[in-house]
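Chain by chain, the residues:
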Amino acid sequence: MAILPIVQYPDPRLSTKAEPVTVFDDALKQLAADMAETMYDAPGVGLAANQIGQLIRLVVIDISEEKNALRVLVNPQIISRSEEVKECEEGCLSLPGIYEKVKRPSLVTVRAQDLEGREFTLECDELLSVCVQHEIDHLDGKVFIDHLSALKKARSAAKLAKKRKEEARARKNKEA
Ligand code: K1U
Ligand code: ZN
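Just so we're clear, the structure is a prediction, and the values are computed from it rather than from any experiment.

Draft legend 1. Local environment of the sheet that holds strand β3 (residues 71–81). Spatially, 5 strands are ordered β1-β2-β3-β6-β7 in an open sheet, and the strand pairing comes out antiparallel. Looking at which strands have only one partner, the edges of the open sheet turn out to be β1 (46–48) and β7 (119–124). Each adjacent strand pair in this sheet contributes to an overall mean axis angle of 40 degrees, direction not counted. Lying over the sheet, helix α1 (residues 26–41) contacts β1, β2 (58–61) and β3, oriented at roughly 40 degrees with respect to β2. With respect to the sheet, helix α2 (residues 126–139) is in contact with β1, β2, β3, β6 (108–113) and β7, its orientation differing from that of β2 by roughly 155 degrees.

What follows is the structure, encoded as structure tokens:
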């Protein structure tokens, strides 16, 4: 298993739509295992393949406290969404330190395949619903700040750039 580098915003791979998975082989299982290890190490509750630079429709999620309830979703699709919308604070491992409230349907039903290609359906509420919608957005080349107004998005991107500059300066000072 391996911890993979997480692609950082605004890398173009985060704004590229991922391709469906068609081959369910050992390489796919290994990639899912590496993504899970990367997500647990970060730590995060989800990770999409775009975030490790692979443009395929593969997502890992574990919202459990104990980190023992890994879900692997291959080719996930939202097949129904509630009319009710909820606003929740979101973060993203590709935009570390940026947290913004995003409005999304409260409940979604997702159809996906497992690592053997078998189809299953998942009813999602609360954090699982937010996380699964956030990860499917990644597969469609969208990050959570794309849901904000142009002004709020520009402010978040500027905040991230400033934070990175300060971190780089601190690293440089430490080395000197
Ligand atoms: O896609 C990602 O970047 C992962 C992201 C998923 C997510 C979290 C919260 C709301 C929407 C989507 C994260 O995991 S960010 C880190 C985080 O929120 C977290 C980390 C440890 C424990 C609990 C949450
Ligand atoms: Zn994210």
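Draft legend 2. Local environment of the nonpolar core. Ranked by internal contacts, the top residues of the largest apolar core, which has 15 residues, are Val59, Ile61, Leu73, Val110, Leu122, Cys124 and Val132. Elements with a contribution of two residues or more to this core: β2, β6, β7 and α2. The greatest single-element share of this core, amounting to 5 residues, is contributed by α2. With near-sequence residues (within four places) excluded, Leu122 lies in contact with Arg71, Leu73, Val108, Thr109, Val110 and Leu128. Counting 14 residues, the second largest nonpolar core, distinct from the first, contains Leu28, Met35, Met39 and Val74.

Draft legend 3. Representation of the site of ligand 1. What surrounds ligand 1 is a group of 13 residues, the closest being Val45, Gly46, Gln51, Leu93 and Glu135. Within the contact set of ligand 1, an oxygen atom lies 2.7 Å away from a backbone nitrogen or oxygen of Leu93. Between ligand 1 and the protein, one listed contact pairs an oxygen atom with a side-chain N or O atom of His138 at 3.4 Å. Burial of ligand 1 by the protein chains amounts to 78% of its free accessible area of 530 Å². In terms of residues, the shell around ligand 1 owes the most to one element, α2, which gives 4 residues. Counted by class, the shell around ligand 1 contains 5 nonpolar, 6 polar and 2 charged residues.

Draft legend 4. Broad picture of the pattern of salt bridges. If you walk through the whole model with that rule in mind, you get 11 salt bridges. Arg13 serves as the salt-bridge partner of Asp11, at 2.9 Å between the closest nitrogen and oxygen. Residue classification places Arg13 among the partly exposed positions, given a relative accessible area of 34%. Note that Glu166 and Lys162 form a salt bridge whose closest N and O atoms lie 3.7 Å from each other. Residue Glu166 and its partner Lys162 are both found in helix α3 (residues 150–175); the two are separated by 4 residues, about one turn of the helix. Lys162 sits in the exposed class, given a relative accessible area of 54%.

Here is what the cut-offs are and how they apply
- Residues numbered from 1 in each chain as written.
- Chains lettered and ligands numbered in written order.
- Predicted model: local features only at pLDDT ≥ 70, side-chain atom pairs only at ≥ 80, totals over all residues.
- Heavy atoms only, no water.
- Pairing = 2+ DSSP bridges.
- Helix = DSSP H or I, 4+ residues; strand = E, 2+ residues; numbered from the N terminus.
- Axes fitted to C-alpha atoms, helices over the stretch in contact; angles between N-to-C directions.
- Contact = heavy atoms within 4.5 Å.
- Core = buried A, V, L, I, M, F, W, Y, C linked by side-chain atoms within 4.5 Å.
- Buried < 20%, exposed > 50% of the residue type's maximum accessible area, 1.4 Å probe, protein only.
- Near = heavy atom within 4 Å.
- Polar contact = N/O pair within 3.5 Å; in protein donor to acceptor, adjacent residues only side chain to side chain.
- Areas by Shrake-Rupley, 256 points an atom, 1.4 Å probe, with all protein chains shown as cover.
- Nonpolar A, V, L, I, M, F, W, Y, C, P; charged D, E, K, R; others polar.
- Salt bridge = Lys/Arg side-chain N within 4 Å of Asp/Glu carboxyl O.

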